[in-house]
Each structure stands twice: as structure tokens, then as C-alpha cells.
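# Commentary on secondary and tertiary structure
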Amino acid sequence: MLVFITVGSTRFDALVQAAISEQVLDALRKKGYKRVVIQRGNSDFGRETGGNGQDLVVFEKNGMEVESWKFKSSILSEVQRADLVVGHAGAGTILDALRQGKPMIVVPNPTLLDDHQGELSSRLGALGYLMATTVDNLAATIAAFDPSSLTSFPPFDGSRFRRLIDQEMGYNINPS
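Predicted model only: the values in this text are computed from it and were never measured.

### Focus: the overall build of the protein chain
Counting its regular elements, the protein chain contains seven helices and seven strands. Element order for the protein chain, N to C, with α for helix and β for strand: β-α-α-β-β-β-α-β-α-β-α-β-α-α. Its C-alpha atoms give the protein chain principal-axis dimensions of roughly 65 × 35 × 30 Å. Looking at the protein chain as a whole, 41% of its 176 residues qualify as buried. If you take every contact in the protein chain between residues at least 6 apart in sequence, the share linking residues at least 24 apart comes to 65%. A total of about 9,700 Å² of accessible surface is found on the protein chain, and carbon and sulfur atoms cover 51% of it.

Below is the structure:
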């Protein structure tokens, strides 16, 4: 099984370091995961893993195969092949994972723009669509995580926005 971990376009050193920690890798291995793919952006990856500025880094640690890279033009294919997505709480990342029906654990980056990721992840977590946690609690959250407890995210309906605007503008939204 494969877990995809993403930090998006920003730097989130704490999540990247947690992702390759013994505690997180052990928790993932105990849940049956064998492979971790990390999109690390501009985050510090550390020398102990061979992260010497190269884009692609592959290594094994704690019985897990770990692959890491900085950026790709799209992460959708990575999300699609993942059995679990762990990521920063960016809206685009969350929507990509939930629309693909993937179980998701989000770790908001509290250093960004008035902690907006914390607000988004708290609300979506309260609705049951994902599990929100902190960097410090990531390993424990993975260990306790039950994807079957999540609520399915509703499918995309592009007409909802149009109906909302029509209603706001006072247009007749109930055709005869």
C-alpha cells in the first residue's frame, strides 16, 4: 500500500521531517503501508537521507521504501494511486484528495496566513470528510486512523455556484 504526503507549493519543514521520522514510518508500516511518496516542495529534507539538493531522492528506512521529490506539474496522478493522502491543509490539495475518494489526514501549517489551513481542516474534520492533526500528533493519528469512519465527500456539482448567483441576483430559478 502507498501513502502520498504533500506540502504543496510552500515550505513545511516540520511535516517533511515528521514524515520521515521513525515514529511516523513505524505507524504507517504497522497499518500495512510499504511505500511513502513525499512531495516536499522547498522544505528541508536533511542530509541523513541523501537530500543533497537533488530533486528525486529514494531510500529505505524502518522497512519502508521512501521516494521524495520537490515539484511536479500536477499531483493528481500521485493522489489517484495513493491508498492514503497526508498533506498540508491547502484547499486545492484537500479537494484533489476528497474528489478522488481518498482517505486523508491533514496537518495544517500554522505559520501561513492567519492559520487559515487550521480553520479549513477543523471544519472539514468536523463534517467527517477527513482527519485533522498536528505535526506532533501525526504518528498517533495514523495509528488510530480508521478510513471507514470518514464521510464520503459529495460529488462536484458545477451548477450549484450558478444557482447561488442566480438566487442572489434575483433571477427566476424555478422555470415553469
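Moving on from the coordinates now.
### Here's the deal with the nonpolar core
A general feature of soluble globular proteins is that nonpolar side chains tend to end up buried together. By size, the foremost hydrophobic cluster in this structure holds 29 residues, and its most contacted members are L28, V36 and L138. Among the elements of the structure, β1 (2-6), α1 (13-19), α2 (22-30), β2 (35-39), β3 (57-61), β4 (64-69), β5 (84-87) and α6 (138-144) are those that each provide at least two residues to this core. Aside from chain neighbours lying at most four places away, what touches L28 is V3, Y33, V36, M64, L84 and I142. Judged by nonpolar contacts, the second largest core, of 17 residues, contains W69, V79, A97 and V106.

### Quick look at the pairing of β3
Relative to β4, β3 runs antiparallel, the two sharing five bridges. What sits directly across from E60, in β4, is E65. Between β3 and the antiparallel strand that follows it, β4, lie two residues; N62 among them carries a positive phi value of about 55 degrees.

### Re the sheet that holds β5
Reading across the sheet, the seven strands line up as β3-β4-β2-β1-β5-β6-β7 and stay open at both edges, with mixed pairing between neighbours. Edge positions in the sheet fall to β3 and β7 (131-132), since each of these pairs with one other strand and no more. When β2 meets β4, the two strands line up parallel, connected through five bridges. Residue pairing across strands places R35 opposite E65, the latter belonging to β4. Seen against the sheet, helix α4 (residues 91-99) touches β1, β5 and β6 (104-106) and runs at an angle of roughly 165 degrees to β6.

### Points about helix α5 (residues 116-126)
Buried within α5 are the following residues: Q117, G118, S121 and L124. End-on, the buried residues of α5 take up no more than an arc of 140 degrees, which puts them together on one face. For α5, the exposed residues set more than 90 degrees away from the buried face come down to E119, R123 and A126. Within two residues after α5, G128 carries a phi angle of roughly 85 degrees, on the positive side.

### Describing the pattern of salt bridges
The tally for this structure, following the rule as stated, stands at eight salt bridges. The shortest N-O distance in the salt bridge between R35 and E65 comes to 3.1 Å. In this pair, R35 sits in strand β2 while E65 sits in strand β4, placing the two residues 30 residues apart along the sequence. Accessibility expressed as a relative area gives 21% for R35, which makes it partly exposed. For E65, a relative accessible area of 35% gives the class partly exposed. With its nearest N and O atoms 2.8 Å apart, the salt bridge here joins R81 to E78. Residue R81 and its partner E78 are located together in helix α3 (residues 76-81), separated by three residues, close to a single helical turn. By relative accessible area, R81 is classed as partly exposed at 39%. Through salt bridges with shared partners, a single ionic network connects R35, E65 and E67.

Thresholds applied
- Residues numbered from 1 in each chain as written.
- Predicted model: local features only at pLDDT ≥ 70, side-chain atom pairs only at ≥ 80, totals over all residues.
- Heavy atoms only, no water.
- Helix = DSSP H or I, 4+ residues; strand = E, 2+ residues; numbered from the N terminus.
- Buried < 20%, exposed > 50% of the residue type's maximum accessible area, 1.4 Å probe, protein only.
- Contact = heavy atoms within 4.5 Å.
- Areas by Shrake-Rupley, 256 points an atom, 1.4 Å probe, with all protein chains shown as cover.
- Core = buried A, V, L, I, M, F, W, Y, C linked by side-chain atoms within 4.5 Å.
- Pairing = 2+ DSSP bridges.
- Axes fitted to C-alpha atoms, helices over the stretch in contact; angles between N-to-C directions.
- Arc of directions from axis to C-beta.
- Salt bridge = Lys/Arg side-chain N within 4 Å of Asp/Glu carboxyl O.

Shape is all these values report; function is a separate question.
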